[in-house]
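# Summary of the model geometry
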Amino acid sequence: MIMFALPNKGRISEPVMDVLEKAGLKITVKGRSLFANTVDKDIKVMFARARDIPEFVADGVADIGVTGYDLVLERNVEDKVDILLDFGFGFAKLVLAAPENSNINSVEDIKEGMRVATEFPNLTKKYFDKLNKKVEIIELSGATEIAPFIGIADLISDLTSTGTTLKLNRLKVIDEIVSSTTRLIANKKSLENEKKKEKINQIVLAIKSALFAETKRLIMMNAPKDKVEEIKKLIPGMAGPTVSKVLSNDEMVAIHAVVNEDEIFSLVPKLHDLGARDILVVPIERIL
Ligand SMILES: Nc1ncnc2c1ncn2[C@@H]1O[C@H](COP(=O)(O)OP(=O)(O)OP(=O)(O)O)[C@@H](O)[C@H]1O
Ligand SMILES: O=P(O)(O)OC[C@H]1O[C@H](OP(=O)(O)OP(=O)(O)O)[C@H](O)[C@@H]1O
Ligand SMILES: [Mg+2]
């Protein structure tokens, strides 16, 4: 049996659940229950805070889990877990920031004993230890940006993604501490157990195929036979487009191919100009 720890709330919870659904790992959640079953009787789910998941996976309460790389580092468990895949979302950087009007412009301007407010006390301490600077860490559990303005800190170390929050609060970035995305992590001992490893590999493959499929679209069309070579040049496809007969029309063929999602916008008018008709673009759930 595999215990799979998933974030119960927060910004990565929903996108992770979406990918798992696309991967075919349907979860049956009853109400606000903290445990759930999946379509696979050997995979159970437990819901927890993303912040606690590194610890649960490191000590074996869960065999695998989804959380942010920043939180793995903050819990100091990077040696106890294996990172199996990167979801490519939940991008955020932990940065050191100071009020725009402060005279701190670089790390060198940070004086001994200055106070740094953060939700990431361990990562922040490690950062300053490496620089051999003694600062006072003020641990907060959210809304860190306010700390310099209410006089409880000189600087903050906080997550930034779009940069909107820092700008809104008139804060400037002094340095980057770490960059993070959402990851699938596994307990090292669980991976040594052959049965568990096999099941975990199935989960990894399913998630990878769903993540890959998100970047692709299936395009289908009817096109004039004499334009096939030109169309082939436009859509190399994964293994070349599939071309098949249209029974009702000798002059036309049906073509389908898998193409990158970001190419669709410019590709469709070109296909249309070549005489392609009944062009369909459809999402793909998984590609193996
Ligand atoms: N603004 C952001 N953009 C993208 N990812 C973010 C952002 N803020 C935090 N994250 C990432 O989300 C992951 C989950 O963090 P957490 O569970 O604390 O979620 P949250 O959305 O911050 O929830 P809350 O603050 O309500 O507790 C972390 O790994 C973090 O790096
Ligand atoms: O660069 P941006 O896109 O603006 O995102 C950054 C903000 O997102 C996170 O806050 P969250 O919403 O998790 O609230 P919190 O501070 O209470 O954790 C983070 O702590 C920043 O405040
Ligand atoms: Mg947060």
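Thresholds applied
- Residues numbered from 1 in each chain as written.
- Chains lettered and ligands numbered in written order.
- Predicted model: local features only at pLDDT ≥ 70, side-chain atom pairs only at ≥ 80, totals over all residues.
- Heavy atoms only, no water.
- Near = heavy atom within 4 Å.
- Polar contact = N/O pair within 3.5 Å; in protein donor to acceptor, adjacent residues only side chain to side chain.
- Areas by Shrake-Rupley, 256 points an atom, 1.4 Å probe, with all protein chains shown as cover.
- Pairing = 2+ DSSP bridges.
- Helix = DSSP H or I, 4+ residues; strand = E, 2+ residues; numbered from the N terminus.
- Axes fitted to C-alpha atoms, helices over the stretch in contact; angles between N-to-C directions.
- Contact = heavy atoms within 4.5 Å.
- Domains from an automatic or database assignment.
- Buried area = accessible area lost by both parts, 1.4 Å probe.
- Salt bridge = Lys/Arg side-chain N within 4 Å of Asp/Glu carboxyl O.
- Nonpolar A, V, L, I, M, F, W, Y, C, P; charged D, E, K, R; others polar.
- Parallel < 35°, antiparallel > 145°, perpendicular 65-115°, else oblique.
- Phe/Tyr/Trp six-rings, centres within 6.5 Å; stacked < 30°, edge-to-face > 60°.
- Buried < 20%, exposed > 50% of the residue type's maximum accessible area, 1.4 Å probe, protein only.
- Lys NZ or Arg CZ within 6 Å of the ring centre and 35° of its normal.

It is worth spelling out the site of ligand 2 at this point. By nearness alone, 13 residues border ligand 2, and Arg11, Glu145, Ser161, Thr162 and Thr165 come closest of all. Residue Arg11 places a side-chain N or O atom 2.4 Å away from an oxygen atom belonging to ligand 2. Here an oxygen atom of ligand 2 sits 2.8 Å away from a polar atom, N or O, in the main chain of Gly163. In the complex, 68% of the free accessible area of ligand 2, which totals 490 Å², lies under the protein chains.

To continue, consider the sheet that holds strand 7 (residues 92-99). If you trace the five strands from one edge of the open sheet to the other, you get 9-8-10-7-11, paired in mixed fashion. The outermost strands of the open sheet, each flanked by one partner alone, are strand 9 (136-139) and strand 11 (171-180). Mean inter-strand twist for the sheet, computed between neighbouring axes without regard to direction, equals 25°. The sheet contact formed by strand 8 (residues 115-118) and strand 10 (residues 155-160) spans three bridges and is parallel. Of the residues in strand 10, the one forming a bridge with Ala117 is Ile156. The strands touched by helix 4 (residues 121-130) within the sheet are strand 7, strand 8, strand 9, strand 10 and strand 11, with strand 11 carrying the most contacts at an inclination of about 105°.

With domains assigned, the protein chain is organised as domain 1 (2-88 + 181-213), domain 2 (92-180) and domain 3 (216-283). Computed from C-alpha atoms alone, the centre-to-centre distance between domain 1 and domain 2 is 30 Å. Both faces considered, domain 1 and domain 2 share a buried interface measuring about 860 Å² in area, 45% of it formed by carbon and sulfur atoms. Contact with domain 2 buries area across many residues of domain 1, yet Arg51, Asp70 and Glu74 alone supply 62% of it, more than any other trio. Remark: the boundary between domain 1 and domain 2 carries two salt bridges. Glu119 is the partner of Arg51 in a salt bridge, and the nearest nitrogen-oxygen pair spans 3.7 Å. For the pair domain 1 and domain 2, the interface holds seven residue pairs in polar contact (both at pLDDT 80 or more). In terms of residue count, helix 3 (residues 69-74) provides more of the side of domain 1 that touches domain 2 than any other element does, five residues in total. Considered class by class, the residues forming the side of domain 1 that touches domain 2 number three nonpolar, three polar and four charged.

Moving on: the packing of helix 1 (residues 13-22) against helix 7 (residues 194-213). The contact between helix 1 and helix 7 brings their axes to 8 Å, and the two run at 105°. Classified by the angle their axes make, helix 1 and helix 7 are roughly perpendicular. Of helix 7, the residues touching helix 1 (which contributes Val19, Leu20 and Lys22) are Ile207, Ala210 and Leu211. A breakdown of the residues in the contact of helix 1 with helix 7 according to their chemical character gives five nonpolar, no polar and one charged.

The next subject is the packing of aromatic side chains. For the structure shown, the criterion picks out two aromatic pairs. Measuring from centroid to centroid gives 5.5 Å for Phe87 and Phe89, while their planes differ by 45°, and the two rings are tilted. Ring plane angle 85° and centroid distance 5.0 Å describe the contact between Tyr127 and Phe128, whose orientation is recorded as edge-to-face. Since its relative accessible area comes to 12%, Tyr127 is described here as buried. Given the relative accessible area of 1%, Phe128 is considered buried. Here Arg51 stacks its cationic end above the ring of Phe120, 4.8 Å away from the centre of that ring.

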